[in-house]
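# Per-entry structural report
Okay, here's what each chain looks like letter by letter:
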Amino acid sequence: MGETHYARRRRLAALVADRGAAALLVTRLVNVRYLTGLDSSRAALLVPADGPAVLATDGRYAAMAAQVCPELPVVVDRQVAEALVRRAAEDGRRRVGFEAHDLTVEHHAALLDAALPEGAAAELVPLGHLVEELRMVKDEDEIGLLREACAVTDRAFEAVLPEIRAGVTERAVAIALERAMVDQGAEGPAFESIIASGPNGAVPHHHPGGRELQRGDLVTMDFGALYGGYHADMTRTVAIGEPAAWQRDLYDLVHRAQAAALAAALPGADTKDVDAAARDVIAEAGHGEAFTHGLGHGVGLEIHEAPLMGYDKTGKLTDRVPITAEPGVYLTGRGGVRIEDTLVVRAGGPELLTTTTKDLLVL
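Residues numbered from 1 in each chain as written. Predicted model: local features only at pLDDT ≥ 70, side-chain atom pairs only at ≥ 80, totals over all residues. Heavy atoms only, no water.

### Describing the side chain of Thr 271
Tracing the chain through its elements places Thr 271 in helix H10 (residues 271-284). Taking the relative accessible area as the measure of exposure, Thr 271 reaches 0% and is therefore buried. Filtering out sequence-adjacent residues up to four positions away, Thr 271 remains in contact with Pro 307, Leu 308, Met 309, Lys 313, Thr 314, Gly 315, Lys 316 and Leu 317. (Helix = DSSP H or I, 4+ residues; strand = E, 2+ residues; numbered from the N terminus. Buried < 20%, exposed > 50% of the residue type's maximum accessible area, 1.4 Å probe, protein only. Contact = heavy atoms within 4.5 Å.)

Printed below as a string of structure tokens:
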């Protein structure tokens, strides 16, 4: 991956130069990992516009850094960001960009007060979400890791299906799913699993509790596996026992809404238009106010990445951007339905990475 990380840093350096900065101080740990391969709890990276990058970490990760990214000079210091600001000043780079969405006001002040060489001064300028913009479009290696994370998710769901029955608690289903994902090869769950049964299904981010599944329930399960640092995200809603007519109608509605969104998820599409493709189907059925969140989001090294898909969001989809499509309808006191897949935007139509059936399963 060394060449891959080098290429990412070069693309970032070009963006830094375009913004008129001498270097960018990268402090978001997930962005450091994306640019170097180093996964640690304390690190920062200085990416000059016109020279080699410099990594900083503390003594706990120095050996790991030498192994993971041997091509990078490493500064070993507990105050990683301050050390790199000093390094930039020593190299004559005064105008240093920073990640304003990550740096606190207190830390920003500390960087300005960092001990610099005599006569030196640092100018810190916010440069926006440059690394996140690069991360949005995935290379095929990243997509391969996402594909495997989703395959693990699919296999875990299939393994747990026999355990989803009346009398089992939401919490027990969540534990079983998360155990199955690890058994199938995951590093762990990509996020806290959501298991929402019966009336709890009206809460999009319900925390699984002690409620026992009952015949007549719809059960919404939102979960995903973490594999190679990449996050899967899938939601399926199942019925415990034969569903009522209104439950089948609601499920079919959400299924049609998701199909409309998938058909619209093409390179060049506005994100708000893809959201509208699903939202309009639900609104026309009289449930517009019950679709209470955006259609989806990007996925990768984080479970929620750019682009965000919503009626109030801006941006365009491009080739090789992984996103989720997760329309839902939530009826207070009755329950809800959500169907979600992780997919990759492709010129010929979306590549679905989660492949579990979307036919309504009656358990």
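Picking up where we left off.
### Topic: the domain arrangement of the chain
Domain parsing of the chain yields domain 1 (1-135) and domain 2 (137-362). Distance from the C-alpha centre of domain 1 to the C-alpha centre of domain 2: 36 Å. Counting residues at the interface gives ten residues for domain 1, matched by eleven residues for domain 2. In total, domain 1 and domain 2 occlude about 770 Å² of area from one another, counting both sides; carbon and sulfur atoms represent 39% of this. Counting the contacts that link domain 1 with domain 2 gives five salt bridges. Linking Arg 28 and Glu 302 is a salt bridge whose minimum nitrogen-to-oxygen distance equals 2.5 Å. The set of elements that each furnish at least two residues to the side of domain 1 that touches domain 2 consists of helix H1 (2-18), helix H2 (29-36) and helix H6 (130-136). Residues that form the side of domain 1 that touches domain 2 fall into these classes: four nonpolar, one polar and five charged. (Domains from an automatic or database assignment. Buried area = accessible area lost by both parts, 1.4 Å probe. Salt bridge = Lys/Arg side-chain N within 4 Å of Asp/Glu carboxyl O. Nonpolar A, V, L, I, M, F, W, Y, C, P; charged D, E, K, R; others polar.)

### A few points about unusual backbone geometry
In the segment running from Ala 306 into Pro 307, the intervening peptide bond is cis, with an omega of 5°. You can see Pro 307 is positioned in strand S14 (residues 305-309). Unusually for a residue other than glycine, Arg 320 sits at a positive phi of about 70°. Tracing the sequence through the fold places Arg 320 in the loop between S14 and strand S15 (322-325). Take Arg 320: its relative accessible area is 29%, and that puts it in the partly exposed class.

### What to know about the environment of Ala 81
Looking at the element boundaries, Ala 81 is found in helix H4 (residues 80-90). Along the primary structure Ala 81 and Thr 36 are separated by 45 residues, whereas in three dimensions their C-alpha atoms are 16 Å apart. Not counting the four nearest positions on each side in its chain, Ala 81 is found in contact with Leu 25, Thr 27, Ala 44, His 107 and Leu 111.

### Let's talk about the sheet that holds strand S5 (residues 95-98)
Taken in spatial order, the six strands make up an open sheet running S4-S3-S2-S1-S5-S6, and their pairing is mixed. Either end of the sheet is taken by a strand with one partner, and the two such strands are strand S4 (74-76) and strand S6 (123-126). Within this sheet the neighbouring strands show an average axis-to-axis angle of 25°, counted without direction. By the bridge criterion, four bridges tie strand S2 (residues 43-48) to strand S3 (residues 54-57) in an arrangement that is antiparallel. Along S3, the bridge assignment pairs Ala 44 with Ala 56. In the packing of H1 onto the sheet, the strands contacted are strand S1 (23-26) and S2, and the crossing angle to S2 comes to about 60°. Contacting S1, S2, S3, S4 and S5, H4 runs over the sheet at an angle of about 20° to S2. (Pairing = 2+ DSSP bridges. Axes fitted to C-alpha atoms, helices over the stretch in contact; angles between N-to-C directions.)

### As for the sheet that holds strand S7 (residues 188-189)
Overall, antiparallel pairing links the three strands, which are arranged S7-S10-S11 in an open sheet. In the strand order of this sheet, the two ends are held by S7 and strand S11 (230-231), each with one partner. Taken together, the two bridges between strand S10 (residues 225-227) and S11 define a ladder with antiparallel strand orientation. Along S11, the bridge assignment pairs Tyr 227 with Tyr 230. Relative to S10, helix H7 (residues 140-160) is tilted by about 145°, and along the sheet it contacts S10 and S11.

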